[in-house]
Amino acid sequence: MLSRRIEIWLAIFFAVLAGLTAFVWAPLDSETAAIYEFRRQVSIGDAMLPMVAGGGILLFSLAHLFLQLRRRRDTDEDPLFDRTTLFFFVTFGGVLALSLILMFWAGPLALALFGSSGDDAATYRQMRSSLPWKYIGFVLGGFTLVFGLTSLIEGRVRWLRAVSSILAVLGLILIFDVPFDTILLPPNGDF
């Protein structure tokens, strides 16, 4: 943990940056608003994701600022960057890499293994918006990301984290995929 003063300045910096991103940059730099209606069809606009991300970063930066303001003044020096810290960051990067690999390749691999074969075989690009193929990569990659990072931060693996991780991924599906017909969950838009 950094010193109290550095933590406060970092929280202020990221809160200001997130606020500018969410409320100035994203709306002004996007072709469509966060949610727009075109020919009686409600769609998510280009500004939605950066505004949600910026709002989330703003919220957590303000929470971090509040916690640091309540923290007692520290008298000890900043901790050193030791082997434990290096192991944490390497493991953090490994969990991120594994979750991105699963998210990107689990759907196409599942289709190649379990999809129809022969002359009528479909490519993943053709099947990316149909059940169950559109959810395989998102669910596996999202679960690995949330479960892996929460377990790493807590320092132990708990079944409650597995349940909360799958609920978080299902919640994202309910928010971003179910109400909108034109949305392709990540990484399906890349195929």
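Here the structure is shown first, and the text comes after it.
The present account deals with the structure reproduced in this document. Just so we're clear, the structure is a prediction, and the values are computed from it rather than from any experiment. (Residues numbered from 1 in each chain as written. Predicted model: local features only at pLDDT ≥ 70, side-chain atom pairs only at ≥ 80, totals over all residues. Heavy atoms only, no water.)

### Concerning the overall build of the chain
Helices and strands together make up the secondary structure of the chain, namely six helices and two strands. Starting at the N terminus and walking to the C terminus, you meet the elements of the chain as α-β-β-α-α-α-α-α. Principal-axis analysis of the C-alpha atoms gives the chain an extent of 70 × 40 × 25 Å. Within the chain, the fraction of its 191 residues that count as buried is 29%. Of the contacts made within the chain by residues no fewer than 6 positions apart, 64% connect residues no fewer than 24 positions apart. For the chain, the accessible area works out to roughly 13500 Å², and carbon and sulfur atoms hold 69% of it. Averaging the positions of the 15 positive and the 16 negative side-chain charges in the chain gives two centres separated by 9 Å. (Helix = DSSP H or I, 4+ residues; strand = E, 2+ residues; numbered from the N terminus. Buried < 20%, exposed > 50% of the residue type's maximum accessible area, 1.4 Å probe, protein only. Contact = heavy atoms within 4.5 Å. Areas by Shrake-Rupley, 256 points an atom, 1.4 Å probe, with all protein chains shown as cover. Lys, Arg positive; Asp, Glu negative; His and termini not counted. Charge placed at Lys NZ, Arg CZ, Asp CG, Glu CD.)

### Some points on the side chain of Thr144
Relative to the assigned elements, Thr144 resides in helix H5 (residues 133-154). Here the side chain of Thr144 touches Leu140 through a polar contact of 2.7 Å, landing on its backbone oxygen. Ignoring any residue separated from it by four or fewer positions in sequence, one finds Thr144 in contact with Val95, Leu98, Ser99, Leu102 and Leu149. (Polar contact = N/O pair within 3.5 Å; in protein donor to acceptor, adjacent residues only side chain to side chain.)

### Description of the side chain of Gln68
Summarising the element assignment, Gln68 is placed in helix H2 (residues 48-70). Taking the relative accessible area as the measure of exposure, Gln68 reaches 6% and is therefore buried. In this structure, Gln68 is in contact with Arg4, Glu7 and Ile8, ignoring residues within four places of it in sequence.

### Some details on the nonpolar core
Membership of the largest hydrophobic core is limited to six residues, which are Met103, Tyr135, Phe138, Val169, Ile173 and Leu185. Contributing elements (two or more residues each) for this core: H5 and helix H6 (159-176). For Tyr135, the contacting residues outside a window of four places in its chain are Ile173, Asp177 and Leu185. (Core = buried A, V, L, I, M, F, W, Y, C linked by side-chain atoms within 4.5 Å.)

### Observations concerning the layout of surface pockets
One way to see where empty space is left: roll a probe the size of a water molecule over the atoms. When its volume is computed, the largest pocket comes out at roughly 760 Å³. Every element with two or more residues in the lining of the largest pocket is listed here: H2, helix H3 (83-114), H5 and H6. (1 Å grid on protein atoms, 1.4 Å probe; cavity = no way out; pocket = protein on both sides within 12 Å on 5 of 7 lines; lining within 4 Å. Points joined across faces, edges and corners; volume = space filled by probe spheres on them.)

### A look at the pairing of strand S1 (residues 35-38)
Two elements, S1 and strand S2 (residues 41-44), share four bridges in a ladder whose sense is antiparallel. Within S2, the position partnered with Tyr36 by the bridge is Ser43. The antiparallel hairpin formed by S1 and S2 contains two residues in its connecting segment, where Arg39 sits at a positive phi of about 55 degrees. (Pairing = 2+ DSSP bridges.)

### Quick word on the packing of H5 against H6
The relative placement of two packed helices is expressed as an angle between their axes plus a distance between the axes. Where H5 meets H6, the closest approach of the two axes is 9 Å, and the angle between their N-to-C directions is 140 degrees. Considered as vectors, H5 and H6 are oriented oblique to each other. Judged by the sense of rotation from one axis to the other, the crossing of H5 with H6 is right-handed. On the side of H5, the interface is formed by Tyr135, Phe138, Val139, Gly142, Phe143, Val146, Phe147, Thr150 and Glu154, while H6 contributes Arg161, Ala162, Ser165, Ile166, Val169, Leu172 and Ile173. Considering only residue class, the contact of H5 with H6 consists of eleven nonpolar, three polar and two charged. (Axes fitted to C-alpha atoms, helices over the stretch in contact; angles between N-to-C directions. Parallel < 35°, antiparallel > 145°, perpendicular 65-115°, else oblique. Left-handed = near helix turned anticlockwise from the far one by under 90°. Nonpolar A, V, L, I, M, F, W, Y, C, P; charged D, E, K, R; others polar.)

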